[in-house]
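# Per-entry structural report
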Amino acid sequence: MTVRPIRIFGDPVLRTPAEEVTDFDAQLRELVRDLEDTVREPGRAGVAAPQIGVSLRVFSYNVGGQVGHMVNPVLSDHAGEQTDEEGCLSLPGLGYETRRYDSVVARGFDQHGEPLVIEGTGFLARALQHETDHLDGRLYIDTLTGDVRRQALRELRRVVPR
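This is a predicted model, so every value here is computed, not measured.

Criteria and thresholds
- Residues numbered from 1 in each chain as written.
- Predicted model: local features only at pLDDT ≥ 70, side-chain atom pairs only at ≥ 80, totals over all residues.
- Heavy atoms only, no water.
- Salt bridge = Lys/Arg side-chain N within 4 Å of Asp/Glu carboxyl O.
- Helix = DSSP H or I, 4+ residues; strand = E, 2+ residues; numbered from the N terminus.
- Buried < 20%, exposed > 50% of the residue type's maximum accessible area, 1.4 Å probe, protein only.
- Pairing = 2+ DSSP bridges.
- Phe/Tyr/Trp six-rings, centres within 6.5 Å; stacked < 30°, edge-to-face > 60°.
- UniProt positions renumbered as here; feature names shortened; annotations may be inferred.
- 1 Å grid on protein atoms, 1.4 Å probe; cavity = no way out; pocket = protein on both sides within 12 Å on 5 of 7 lines; lining within 4 Å.
- Contact = heavy atoms within 4.5 Å.

### A word on the pattern of salt bridges
All told, the structure shown has 13 salt bridges when counted by the stated rule. Of the charged contacts, one joins Arg99 and Glu81 as a salt bridge, the two residues approaching to 3.9 Å between their closest N and O atoms. Placement of the pair is Arg99 in strand β5 (residues 95–100) and Glu81 in the loop between β3 (66–79) and β4 (82–87), with a sequence separation of 18 residues. Just as Arg99 is exposed, Glu81 falls in that class too. For Glu86, the salt bridge is made with Arg100, and the minimal N-O distance between the two is 2.8 Å. In this pair, Glu86 is assigned in strand β4 and Arg100 in strand β5, connecting sequence segments 14 residues apart. Both residues of the pair, Glu86 and Arg100, belong to the buried class. In the salt-bridge network here, residues are joined through shared partners; they are Glu86, Arg100, Arg126, Asp133 and Arg138.

### Thoughts on the pairing of β3
Across six bridges, strand β2 (residues 58–63) lies against β3 in antiparallel orientation. Among the inter-strand pairings, Ser60 is bridged to a residue of β3, identified as His69. Remark: two residues form the turn of the hairpin made by β2 and β3, two consecutive strands paired antiparallel; Gly64 in that turn has positive phi of roughly 60°. Here β3 pairs with strand β6 (residues 103–109) via five bridges, running antiparallel.

### Remarks on the packing of aromatic side chains
For the coordinates displayed, the defined rule picks out one aromatic pair. With a centroid separation of 6.0 Å and 65° between ring planes, the pair formed by Phe24 and Phe109 is classed as edge-to-face. Here the residue Phe24 occupies a position in the segment before α1 (26–39), and Phe109 occupies one in strand β6, the gap between them amounting to 85 residues. Relative accessible area serves as the criterion here: at 29%, Phe24 is assigned to the partly exposed category.

### Things to note about the UniProt feature "binding site: Fe cation" (unreviewed entry) in the protein
Residues given the UniProt feature "binding site: Fe cation" (unreviewed entry) here are Cys88, His130 and His134. Across 47 residues in sequence, these annotated residues keep their C-alpha atoms within 10.1 Å of one another, forming a single compact spot. Set against the largest pocket, the annotated residues named above that line it are Cys88, His130 and His134. If sequence neighbours within four positions are ignored, Cys88 has contacts with Gln51, Leu94, His130, His134 and Tyr140. Summarising the element assignment, His134 is placed in helix α2 (residues 122–135). Judged by relative accessible area, which is 1%, His134 ranks as buried. Apart from the residues lying within four places of it in its own chain, the contact partners of His134 are Ala48, Pro50, Gln51, Cys88, Ser90 and Leu139.

Below, the structure written as structure tokens:
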């Protein structure tokens, strides 16, 4: 079991769009194992490969006791809206009300290159969107607006060493 350390805000890998996976090989399967081991730690709902320093389009999730992963995800069929507090392992100690779609469909592949479709609603939809954002070099604070965004950026400067 390999639990990998999480990269913290300020690490350039978190702001760099991840590369598409082209080789579904033993290295990818090892990465998926590490991601799933890492997301099984208490209090974790998702971990994207860039959060452990690997710039590939892969994430793991742990929602409702269901642990899984997706390679090269593409989100579609967005519907509805939800607003709830959201946090991020790469922004420790921060959490803000964040608006997301209430349902999404994620299409991609499993670690063996087989097509995979995940239909998510509620918290799973939130996790799928959050982790896919990581793969695009985005953090949830990028979705915030107005006073909440200003507050988040002030707090971020206070709690995350530069």
